[in-house]
Amino acid sequence: MAEQLIPVEELNEEQARAELERLSAAIAHHDALYHGEDKPEVSDADYDALKRRNDAIEERFPGLVRTDSPSQRVGAAPAGIFSQVTHARPMLSLDNTFSDEDVRDFVNSVYRFLGQLPDGSIAFTAEPKIDGLSMSLRYENRKLVTGATRGDGTTGENVTANIRTIGEIPDTLPDDAPDVVEVRGEVYMAKSDFMALNAQMEADGKQTYVNPRNTAAGSLRQLDAKVTASRKLKFFAYAWGEMSEMPADTQLGMVKTFERWGFPINPLMSRLSSVEAILDHYHQIGLKRPDLDYDIDGVVYKVDRLDLQQRLGFRSRSPRWATAHKFPAEQAFTTIETIDIQVGRTGALTPVARLTPITVGGVVVTNATLHNADYILGIGNNGERIREEGHDIRIGDTVIVQRAGDVIPQVLDVVLEKRKSDAEPYVFPSKCPVCGSHAVREKNEKTGKLDSVTRCTGGFICKAQAKEHLKHFVSRNAFDIEGLGTKQIDFFFDSEDPAITVRTAPDIFTLRERQEATSLTKLENIEGFGRVSVRKLFDAIDARRSIALNRFIYALGIRHVGETTAKLLARSYGSYAAFEEGMKQAGSLHGEAWNELNAIDGIGEVVATAIVEFFKEERNRDVIHRLLEKVTPEDAEAPQASDSPVAGKTVVFTGSLEKFTRDEAKARAESLGAKVSGSVSKKTDILVAGPGAGSKLSKAQELGIQTMDEDEWLALIAP
Ligand code: IVH
């Protein structure tokens, strides 16, 4: 065939474009044969010639490089790192439910949010929750262009080359598919393939893999797509991201469309209306679970109608219209060899049982949490006796260990008959095992009861707390610095060398400077680092010198300020300067600024107090200011729907609403970029007052705030 080809130098643009298209398809075809069926049609030399021609044409016509070009596939990523992909729509997670009661609550909450009586008129889909890794597959003009992992939900890793080796994932979509399609679903490894792989590993005298899920994850993160190809991964489609057109208006309709486009869908998906039918389906799937050739860890329920899904919307990380009903946790017996105390970021002392290793639901467990001092004694959170007769837990005891999904395994119960006669009750320490400071249980001011947590009072002098602060700071939803994980923080923190040590967050950002001051110890000469990894680490650190405000606030590690609260704060204050100023004033005045903080829907007094206390501590302000010399928190994103007349406005709802439930009204306003507050202040822009409005309405009138009824509000926000 080579004779008929036009030499690269003689191609015109149109011919070059056609050639690149042909080459891309041909190479993909040979790749699939090579990886998938092990039956190549062409020699390696011919295959290489195709690739060289592709490269040469691309070099002459750089503007014509296709997104699905072979040059963009295998080996395109630098060793060890995949490029990042920002998801066009965030990849969310699901709320969990554990009992029939929880499921009833979920169904009722859907009706309540929509302001309907729970009359069985809303249909739900129910399908297995696959225990694999979620994946977003983007098709442009019906061609697969990107396969991305979930990552933190906003950005994931570009694993396109590896995804192309999965035979079950179509490379192209039929002609009637929309121009932009993102199909989402789960990549998994079949149990049978996992067992065959392990049998092979064993035969080769190599270490075996732990479970199909981790093996699937590891297989996808291979830089050499051939390794991925050898692992026989599979896929189920169950969701979507960006779609230039919606091919259906129900969940089931969408998934059936994916099936028609060539994606595998799970055969156990059903559409049901009554809670009884839903629960029955759950039990049926549970019965089939041992016979399925893939791991599942629950059943997912989703509101079927997409218009209702849209009205229900999202909480910060999960949709209101879906939930995962988990299967009961797996349990096993083992013994406690010893009990260690871990000191957390906020000083909490957590007892951890070191166990004789045991396999629980396919995973080897060596540690399990004992929660707190009371739990060891047999006392629950409300002072009630837990475990039969409330017996305590002792070192040497035979215990039941439970593992549920991603949750830390816990010691559930004791087998008293097996207790050794000389076993002594465990004495919970009254001093921090790391810094020696007193460890105390705080008294809850309101209830007068002792807090269940024993806390080290050492604060900053406690190395364990300082270290945990750092680990939190670099963690995935905070600064997320690649190459700076738990192990590295341990190393940097423990180092006494001024060129290396990292004790507080700002030290991370001076590491490069200190390393470049030549006379000092070079990281790259230290075992476990090396030139390339040091350079990558510095690059990863530099990449975070500018960071989203909510991540910055979350990273500070303020007690009670999780991701959701951090987002609320970022949205409400807009900039770091405004936030800190607000917190300072809230601390000294307890007036307007304090009220403003408390008025943020979702922030209560406990959280507000914790934030204000945090900023009162000079040491905290000092660390933050040193950090701000190196890092710039970006101002919080302007509300998305900025063309909406209510974007950026602070709205208060009062009285009873008739067209919407309060929750839906609030969610709707927020989706248009408004802030919803629980109380009226000078900062309020609009008060929506329904019948029965009282003091808030009069206060708003006093302050001259714009007030309107529900219909006026609806007219205002109408699209
Ligand atoms: S739906 C907006 N359906 O579970 C909801 N998720 O905790 C998108 N998963 O990250 C998810 N099977 O990896 C959905 N049938 C299923 C699923 C499923 C497994 C995973 C998925 C997701 C996680 C949520």
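Residues numbered from 1 in each chain as written. Predicted model: local features only at pLDDT ≥ 70, side-chain atom pairs only at ≥ 80, totals over all residues. Heavy atoms only, no water.

Burial in helix α13 (residues 486-494) covers these residues: I489, F492 and F493. The buried residues of α13 occupy an angular sector of 95° when projected down its axis, which confines them to one face. Looking at the buried residues of α13, the elements they touch are α12 (463-474), α15 (511-516) and α16 (530-542). (Buried < 20%, exposed > 50% of the residue type's maximum accessible area, 1.4 Å probe, protein only. Helix = DSSP H or I, 4+ residues; strand = E, 2+ residues; numbered from the N terminus. Arc of directions from axis to C-beta. Contact = heavy atoms within 4.5 Å.)

This part takes up the sheet that holds strand β8 (residues 233-243). A sheet is described by the order of its strands in space; here 4 strands give the open sequence β5-β4-β7-β8, paired in antiparallel fashion. Edge positions in the sheet fall to β5 (143-149) and β8, since each has one partner strand and no second. Ignoring strand direction, the axes of neighbouring strands in this sheet form an average angle of 30°. Bridge count between strand β7 (residues 180-189) and β8: 8 bridges; the pairing is antiparallel. For V181, the partnering residue across the bridge sits in β8 and is M243. Strands β7 and β8 of the sheet are contacted by helix α8 (residues 251-260), whose axis makes an angle of about 125° with β8. (Pairing = 2+ DSSP bridges. Axes fitted to C-alpha atoms, helices over the stretch in contact; angles between N-to-C directions.)

This part takes up the confidence of the model for the protein chain. Overall, the predicted model of the protein chain reaches an average pLDDT of 89, with 94% of residues at or above 70. Averaged over each element, pLDDT in the protein chain is lowest for helix α1 (residues 13-37) (77) and highest for α8 (98). Predicted confidence is poor over residues 74-80, with pLDDT under 50, and the contacts of this stretch with residues over four places away or in other chains come to 11 contacts. (pLDDT = per-residue confidence, 0-100.)

Moving on, we get to the packing of aromatic side chains. By the definition in use, this model includes 24 aromatic pairs. Here Y139 and F263 contribute two aromatic rings whose centre-to-centre distance is 5.8 Å and whose plane-to-plane angle is 90°, an arrangement assigned as edge-to-face. In this pair, Y139 is assigned in strand β4 (residues 133-140) and F263 in the loop between α8 and β9 (270-272), connecting sequence segments 124 residues apart. Its relative accessible area of 2% is what places F263 among the buried residues. Among the aromatic residues, those joined into a ring-pair cluster are F473, F479, F509, F552, Y573, Y576, F579, F614 and F615. Taking the ring centre of Y375 as reference, the NZ or CZ of R387 above it sits at 4.8 Å. (Phe/Tyr/Trp six-rings, centres within 6.5 Å; stacked < 30°, edge-to-face > 60°. Lys NZ or Arg CZ within 6 Å of the ring centre and 35° of its normal.)

We now examine the site of the ligand. In the vicinity of the ligand, 15 residues are found, and the nearest of them are E127, I130, S134, E186 and Y238. One nitrogen or oxygen atom from the side chain of K129 is found 3.3 Å from an oxygen atom belonging to the ligand. The contact in question runs from a nitrogen atom of the ligand to an N or O atom on the backbone of I130, over 3.0 Å. Across the complex, the protein chains shield 87% of the 520 Å² of accessible surface that the ligand would expose by itself. For the shell around the ligand, the secondary-structure elements that each account for two or more residues are β3 (124-130) and β10 (296-303). Of the residues forming the shell around the ligand, the biggest block, 4 residues, is contributed by β3. Residue classes in the shell around the ligand are distributed as 8 nonpolar, 2 polar and 5 charged. (Near = heavy atom within 4 Å. Polar contact = N/O pair within 3.5 Å; in protein donor to acceptor, adjacent residues only side chain to side chain. Areas by Shrake-Rupley, 256 points an atom, 1.4 Å probe, with all protein chains shown as cover. Nonpolar A, V, L, I, M, F, W, Y, C, P; charged D, E, K, R; others polar.)

The next point concerns the side chain of T149. Note that T149 resides in strand β5. A distance of 2.9 Å separates a polar atom in the side chain of T149 from the backbone nitrogen of E157. Those residues in contact with T149 that lie beyond four places of it in its chain are H87, M91, S134, M135, G156, E157 and V159.

Time to look at the sheet that holds β3. Spatially, β2-β11-β10-β3-β9 is the arrangement adopted by the 5 strands of the open sheet, whose pairing is mixed. Strands at the two margins of the open sheet, each flanked by one partner only, are β2 (96-97) and β9. With 5 bridges connecting them, β10 and strand β11 (residues 322-326) associate as antiparallel partners. From the neighbouring strand, V300 faces β11, where its bridge partner is A324. Packing against the sheet, helix α9 (residues 275-288) makes contact with β3, β9, β10 and β11, and its axis sits at approximately 155° to β10.

This paragraph deals with the pattern of salt bridges. Across all of its chains, the model carries 43 salt bridges by this definition. Two residues, R545 and D542, come together in a salt bridge whose shortest N-O distance is 2.7 Å. The closest approach of N and O atoms between K616 and E613, which form a salt bridge, is 3.7 Å. On the criterion of helical spacing, the pair formed by K616 and E613 is a turn pair, its members being 3 residues apart in helix α21 (residues 605-616). Given the relative accessible area of 44%, E613 is considered partly exposed. Three or more residues joined by partner-sharing salt bridges are found here, namely R138, E140, E182, R184 and E242. (Salt bridge = Lys/Arg side-chain N within 4 Å of Asp/Glu carboxyl O.)

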